[in-house]
Amino acid sequence: MSLHPQPVEGTVKGDLARYPAPAEPVVRLRALRSVSLRSTAVDECVDFYSEAWGLRPTERDRDAAWLRGTGAEHHILQLVGADESGLDKIAFAVATPREIDEAAHRLRLLTIPLITEPGPLDQVGGGYGLRFLDPEGRLIELSCDTYSVTPDDPDGLPAVPRKLAHVVLNTVDIDAACAFYTAVLGMRISDWSEHQMAFLRCNADHHVIAFNQAEWSSINHVAYEMPSIDHFMRGIGRLRHNGVTPLWGPGRHGPGNNTFGYFADPAGLVCEYTSEVEQVEEDAWLCRVWRRVPELSDLWGTAGPPSKDVRRHMAGVPDLGHLSRAGNTGVPS
Ligand SMILES: [Fe+2]
């Protein structure tokens, strides 16, 4: 992969320069709450994520589904029927409606357009929030007061995910993406993998978002956190019994020190089991730059280099952004 590829025709180029640099972030993000994926195979994906992957359906609509982990979030994954598979939305948790309102005020000062004005969210899972677009047109939601469910035993026997761990995004401009997510959204860069990947945190987890420099904007993969390495391995075992074998892994990455096992869902999007994500002590952490050598991206030496097939899946379909899709007019709702 080239470090500085040219964007493909039509790709939205990240452009932080058109925003004045904020004196401080517009909001304090507490956690990665959920991800919404556009899927060409919603029915098959619901079966996959509920029967093989270990999530539990919470709501089902004609062409959409919501699934939860064992944590308190009403859902961590939303699947929406679409002509092409890809990212629909990323939602971050914010503490209070007042912080949402303040974020809206500060986003307006930065001339960053709101797609949804702050207020009660008319969606499954409820909440109070707002939505805006990042520099590459991704739909980002900030929310609080969403519905919660009674958590299952977080360390229970079933080998099922408890929460989202991270979303990795392919970007045409990794520096602009990092500048926006740090300066505007207050994330911190935990580590770099040369100038190819950047790992960003908003809480003690080593990363909740990572950017991968690529030829086009798209979603690279979504990772789900298992409570322990035992749950992680038993989860991989259950997938094998369901006829699903890893695209890459199991192994352990250097940056984040987390275990990894990558799979493709029926719509072709990459999903990952992970565990033991490194915990960051905010005031003591030093950002590092990791060399991209096999012994650091695969600490155990069990996974080997990523295959062409997994790279193809992770490259995804070029995403021209939320406003490029039919029916998304950008008119605040
Ligand atoms: Fe990952």
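Above this text you will find the structure in question.
Given the structure is predicted, the values throughout are model-derived calculations rather than measurements. (Residues numbered from 1 in each chain as written. Predicted model: local features only at pLDDT ≥ 70, side-chain atom pairs only at ≥ 80, totals over all residues. Heavy atoms only, no water.)

## Some thoughts on the overall build of the protein
For clarity, the cut-off: Counting from the N terminus, the helices are DSSP H or I runs at least four residues long and the strands are E runs at least two residues long. This radius of gyration counts C-alpha atoms alone. The globule rule is 2.2 Å times how many residues there are, raised to the power 0.38. Each residue's exposure class comes from its accessible area (1.4 Å probe, protein chains only) as a fraction of the maximum for that residue type: buried when under 20%, exposed when over 50%, partly exposed otherwise. Between two residues, a contact is recorded if the distance between any of their heavy atoms is within 4.5 Å. Accessible areas in this description were obtained via Shrake-Rupley with a 1.4 Å probe; residue shielding takes into account the shown protein chains only. The positive count covers Lys and Arg only, the negative count covers Asp and Glu only, and His and the chain ends enter neither. Taken as the charge centre is NZ of Lys, CZ of Arg, CG of Asp or CD of Glu, depending on the residue.
Along the backbone of the protein there are six helices and 17 strands. Here the protein has a C-alpha radius of gyration of 19 Å; the compact-globule value for 333 residues is 20 Å, and the two agree. Principal-axis analysis of the C-alpha atoms gives the protein an extent of 50 × 45 × 40 Å. The buried share of the protein, taken over its 333 residues, is 53%. Taking as baseline every contact in the protein between residues at least 6 positions apart, the subset at least 24 positions apart corresponds to 69%. With an accessible surface of roughly 14,200 Å², the protein has 53% of that area assigned to carbon and sulfur atoms. Side chains of the protein carry 31 positive and 45 negative charges; the gap between the two charge centres is 1 Å.

## Some remarks on the pairing of strand S15 (residues 259-264)
Side-chain direction in a regular strand flips from residue to residue, so the side chains alternate between the two faces of the sheet. Rules: The rule for pairing is simple: two strands pair if DSSP sees at least two bridges between them.
Among the six residues in S15, five count as buried, and that is most of the element. Both strand S14 (residues 248-252) and S15 contribute to a ladder of three bridges, which runs antiparallel. Within S15, the position partnered with glycine 251 by the bridge is phenylalanine 260. In this structure, the hairpin formed by S14 and S15 is closed by a connection of six residues, where glycine 256 is found at a positive phi of approximately 90°.

## Section: the state of the cysteines
What counts here: Sulfur atoms of two cysteines make up a disulfide when they are within 2.5 Å.
Evaluation of the coordinates by the stated rule reveals zero disulfides. Free of any disulfide, cysteine 45 has its nearest neighbouring cysteine sulfur in cysteine 271, separated by 8.5 Å. Judged by relative accessible area, cysteine 45 falls into the buried class, the value being 0%. No disulfide involves cysteine 178; its sulfur sits 9.4 Å from the nearest other cysteine sulfur, which is in cysteine 287.

## Topic: the pairing of strand S4 (residues 77-81)
The pairing of strand S1 (residues 31-39) with S4 spans five bridges and is parallel. Bridged to serine 39 within S4 is glycine 81. Sheet analysis places strand S3 (residues 64-68) next to S4, joined by four bridges and oriented antiparallel. Within S4, the residue paired with alanine 64 across the bridge is valine 80.

## Quick look at the coordination of the iron ion
Rules: Ligating atoms shown are N, O and S within 2.8 Å of the metal, or 3.2 Å for Na, K and Ca, and water is not included, meaning a site may look less than complete.
Looking at the iron ion, the protein donor atoms are His166 (NE2), His221 (NE2) and Glu272 (OE), and they sit 2.0 to 2.2 Å from it. Linear spacing of the donor residues for the iron ion on their chain is H-x54-H-x50-E. Here glutamate 272 lies in strand S16 (residues 270-274) and histidine 221 lies in strand S13 (residues 218-225), a separation of 51 residues in the sequence.

## Regarding the pattern of salt bridges
Opposite charge on two side chains permits them to pair, given that their charged atoms come into close proximity. Basically, it comes down to this: Any carboxyl oxygen of Asp or Glu that lies within 4 Å of a side-chain nitrogen of Lys or Arg is treated as forming a salt bridge with it.
Summed over all chains, the structure comprises 23 salt bridges. For the salt bridge of arginine 201 with glutamate 282, the shortest nitrogen-to-oxygen distance reads 2.7 Å. On the criterion of sequence distance, the pair formed by arginine 201 in strand S11 (residues 197-201) and glutamate 282 in the loop between S16 and strand S17 (288-290) is long-range, its members being 81 residues apart. Residue classification places arginine 201 among the buried positions, given a relative accessible area of 4%. Among the residues examined, glutamate 282 registers a relative accessible area of 35% and is labelled partly exposed. Where arginine 288 meets glutamate 278, a salt bridge forms, and the shortest distance between an N and an O atom there is 3.7 Å. With arginine 288 in strand S17 and glutamate 278 in the loop between S16 and S17, this residue pair connects regions lying ten residues apart in the sequence. Here the residues in one salt-bridge network are Arg162, Lys163, Asp205 and Glu225, joined through shared partners.

## Thoughts on the side chain of aspartate 134
Convention followed: Counted as a polar contact is a pair of N or O atoms within 3.5 Å, where, for protein atoms, one must be capable of donating a hydrogen and the other of accepting one, and residues adjacent in sequence contribute only when both atoms are in side chains.
Mapped onto the elements, aspartate 134 comes out in the loop between strand S7 (128-133) and strand S8 (139-144). Of note is the side chain of aspartate 134, whose polar atom sits 2.6 Å from the side chain of arginine 138. Other than its neighbours up to four places away in sequence, aspartate 134 contacts Ile140, Phe180 and Tyr181.

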